[in-house]
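Tertiary structure, described
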Amino acid sequence: MPPVVAPGQWVLPESPYALWVRGELDEQLGLPEVLRVEVIGGEFVVTSYPSVGHA
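The text that follows walks through the structure, step by step, so that each part is easy to find. (Residues numbered from 1 in each chain as written. Predicted model: local features only at pLDDT ≥ 70, side-chain atom pairs only at ≥ 80, totals over all residues. Heavy atoms only, no water.)

Let us look at the pairing of strand S2 (residues 43-48). On a regular strand, one side chain projects to one face of the sheet and the next to the other, so that they alternate. Where strand S1 (residues 35-40) lies against S2, 6 bridges are found, and the strand directions are antiparallel. Bridged to Glu38 within S2 is Val45. Counted along the chain from S1 to the antiparallel partner S2, the turn is 2 residues long, and its residue Gly41 has a positive phi close to 60 degrees. (Pairing = 2+ DSSP bridges. Helix = DSSP H or I, 4+ residues; strand = E, 2+ residues; numbered from the N terminus.)

Set out below in structure tokens:
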């Protein structure tokens, strides 16, 4: 599945890093577990995990 650009925004109660350190970032984003979220250049990039055949 190719990446899809979908502009949007999350309003978080504090920095993404602080939430990640406490293990709360996934809850705040509310995305399904089949998606991978990376912060690149201060922006969230959401992609699906590679298929088992690819990995």
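On the surface, Tyr17, Trp20 and Val21 cluster together to form a nonpolar patch covering roughly 410 Å² of accessible area. Looking at the element boundaries, Tyr17 is found in helix H1 (residues 16-21). (Patch = residues over 30% accessible without salt bridge, like charges linked within 9 Å, V, L, I, M, F, W, Y side chains within 5 Å. Areas by Shrake-Rupley, 256 points an atom, 1.4 Å probe, with all protein chains shown as cover. Salt bridge = Lys/Arg side-chain N within 4 Å of Asp/Glu carboxyl O.)

Right, let's get into the layout of surface pockets. Counted as a void, the second largest pocket has a volume near 310 Å³. Considering the residues around the second largest pocket, the lining is formed by 16 residues, among which Asp26, Leu29, Leu35, Arg36 and Val37 are closest to the centre. For the lining of the second largest pocket, the secondary structure elements donating two or more residues are helix H2 (25-29) and S1. Among the elements that make up the lining of the second largest pocket, the one with the highest residue count is S1 (5 residues). Looking at the lining of the second largest pocket residue by residue, the class counts come to 10 nonpolar, 1 polar and 5 charged. (1 Å grid on protein atoms, 1.4 Å probe; cavity = no way out; pocket = protein on both sides within 12 Å on 5 of 7 lines; lining within 4 Å. Points joined across faces, edges and corners; volume = space filled by probe spheres on them. Nonpolar A, V, L, I, M, F, W, Y, C, P; charged D, E, K, R; others polar.)

Tracing the sequence through the fold places Trp10 in the segment before H1. C-alpha of Trp10 to C-alpha of Gln28: the two residues are 18 residues apart in sequence and 8.5 Å apart in space. When sequence neighbours within four positions are dropped, the list of residues in contact with Trp10 reads Gln28, Leu29, Leu31, Phe44 and Val46. (Contact = heavy atoms within 4.5 Å.)

Before going further, it helps to spend a moment on the pattern of salt bridges. Across all of its chains, the model carries 2 salt bridges by this definition. Two residues, Arg22 and Glu14, come together in a salt bridge whose shortest N-O distance is 2.6 Å. Residue class for Glu14 comes out partly exposed when judged on its relative accessible area of 35%. We note a salt bridge from Glu24 to Arg22, for which the minimum N-O separation is 3.0 Å. Relative accessible area serves as the criterion here: at 27%, Glu24 is assigned to the partly exposed category. (Buried < 20%, exposed > 50% of the residue type's maximum accessible area, 1.4 Å probe, protein only.)

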